[in-house]
Amino acid sequence: MRQTILVTGATGTVGREVVKQLSMQDDIRVRAGVHSLIKGENLRRLPDVEVVEMEFTDPDSLHAAFTHADKVFLITPFTDGQVEMAKKLVDEAKKTGVKHIVKLSALGAGEEPGIQLGRWHREIERYIEQSGIPYTFLRPASFMQNFENYNSATIKQEGKIYMPTGEGKVSYIDARDIAAVAVQVLTTDGHEGQIYDLTGPEAITVAEVADTISYVTGKPVDYVDVPEDAARQAMQQQNVPNWMTDCLLELYSVHRAGYSGGITGRVEEITGRKPHTFRQFVKEYKDCFC
Ligand SMILES: NC(=O)c1ccc[n+]([C@@H]2O[C@H](COP(=O)([O-])OP(=O)(O)OC[C@H]3O[C@@H](n4cnc5c(N)ncnc54)[C@H](OP(=O)(O)O)[C@@H]3O)[C@@H](O)[C@H]2O)c1
């Protein structure tokens, strides 16, 4: 019998890739859990994809989305309420008899004391462990797509990337590689109880990110190393909530200190394919940067 896999946060950076890649698999029915049906319209056109509306704070919508789901790829958004949201999702998974939860976590979630972002993910991981539902945790490094989502406006308008990360190297990963791992984990045996640290194939500074975008687009792009106080001020001026400013500056301080450059071979081990380099990513996302 075909199994049903629910993907939450299905219109997000990783979720939409997981839905797309799962829809190409045989014998899988994909249920895309979307916050808004309008945003999820594109997913409806993929083969064997059913789109369901989900509001993580609304138990009725959760029950409908989880009913008859065999497995779940669990994504919660970057918010200060993500632990409570995730716990509700896990409770519903337990009620409806889900057989495997694959959770999108974050690299460093196992560190103690770690940083706030990691502690939130670890709290959710622990809740899943205690639920008794078989699980796999994917802990990726920072996404290459962050440069598309958060920096493309200043890259296009000013030819600049503003970040407070100094010369710290980061092993950025392409969200499509995270999705490829998720698909393997959800559709093949032997991943239960595993925790996978996922990184790209190289660690690079933001100055090297800027150089790569410049090389591929043929337009000058410079990195501006912003002092932490100035970064905080800029975020306040843009009405970024205080909790988010604190979390991001804490993460950037880890990048700056050079703790985010470790590389693992997990993507290739699990998918059999090499992860995208940053240059390949920029070539394929070129239009976002020029
Ligand atoms: N970015 C990174 O570098 C990085 C690195 C490691 C780990 N992570 C982790 O990855 C996760 C985020 O993944 P992502 O970047 O793929 O997500 P994303 O692009 O931010 O998308 C979040 C998804 O959740 C949906 N959503 C938000 N609030 C919801 C609610 N109340 N009810 C139902 N759906 C809701 C959004 O829909 P709408 O847009 O329609 O609201 C969207 O589909 C976070 O847990 C983050 O900590 C991120």
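Computed from a predicted model, the values in this text were never measured in an experiment.

Engineer: Before we go on, may I ask you to explain the side chain of Arg-176 in this structure?
Structural biologist: Summarising the element assignment, Arg-176 is placed in helix α7 (residues 175-187). Reaching out from Arg-176, the side chain makes a polar contact with the side chain of Glu-284 at a distance of 2.8 Å. Other than its neighbours up to four places away in sequence, Arg-176 contacts Glu-17, Gln-21, Gln-145, His-276, Phe-281, Glu-284 and Tyr-285.

Engineer: What is the right way to read the environment of Pro-201 from this model?
Structural biologist: Its location among the elements puts Pro-201 in the loop between β8 (194-198) and α8 (206-217). The spacing of Pro-201 and Ser-171 is 30 residues in sequence and 7.1 Å in space, taken between C-alpha atoms. Residues within four places of Pro-201 in sequence aside, it is in contact with Ile-263, Pro-275, His-276 and Thr-277.

Engineer: Help me understand the site of the ligand in this model?
Structural biologist: Neighbouring the ligand are 24 residues, the closest being Thr-11, Val-14, His-35, His-121 and Asn-146. Between Lys-39 and the ligand, the recorded distance is 3.0 Å, taken from a side-chain N or O atom to an oxygen atom. Of all the secondary-structure elements, those providing two or more residues to the shell around the ligand are α1 (13-23) and α4 (82-96). For the shell around the ligand, the residue count by class is 11 nonpolar, 11 polar and two charged.

Engineer: Any chance you could explain the sheet that holds strand β6 (residues 135-140) here in plain terms?
Structural biologist: By definition, the strands of a sheet pair up through backbone hydrogen bonds, in either a parallel or an antiparallel sense. If you trace the seven strands from one edge of the open sheet to the other, you get β3-β2-β1-β4-β5-β6-β8, paired in parallel fashion. Both outer strands of the open sheet, β3 (49-53) and β8, are each paired with one neighbouring strand and no more. For this sheet the average axis-to-axis angle between neighbouring strands, irrespective of direction, equals 15°. Pairing analysis gives five bridges linking β6 to β8, with the strands arranged parallel. Pairing of Pro-140 across the sheet is with Leu-198, part of β8. Strands β1 (3-7), β2 (28-34), β4 (71-74), β5 (100-104), β6 and β8 of the sheet are contacted by α7, whose axis makes an angle of about 170° with β6.

The rules we used
Residues numbered from 1 in each chain as written. Predicted model: local features only at pLDDT ≥ 70, side-chain atom pairs only at ≥ 80, totals over all residues. Heavy atoms only, no water. Helix = DSSP H or I, 4+ residues; strand = E, 2+ residues; numbered from the N terminus. Polar contact = N/O pair within 3.5 Å; in protein donor to acceptor, adjacent residues only side chain to side chain. Contact = heavy atoms within 4.5 Å. Near = heavy atom within 4 Å. Nonpolar A, V, L, I, M, F, W, Y, C, P; charged D, E, K, R; others polar. Pairing = 2+ DSSP bridges. Axes fitted to C-alpha atoms, helices over the stretch in contact; angles between N-to-C directions.

Remember that the coordinates give geometry; whether it matters functionally is a separate question.
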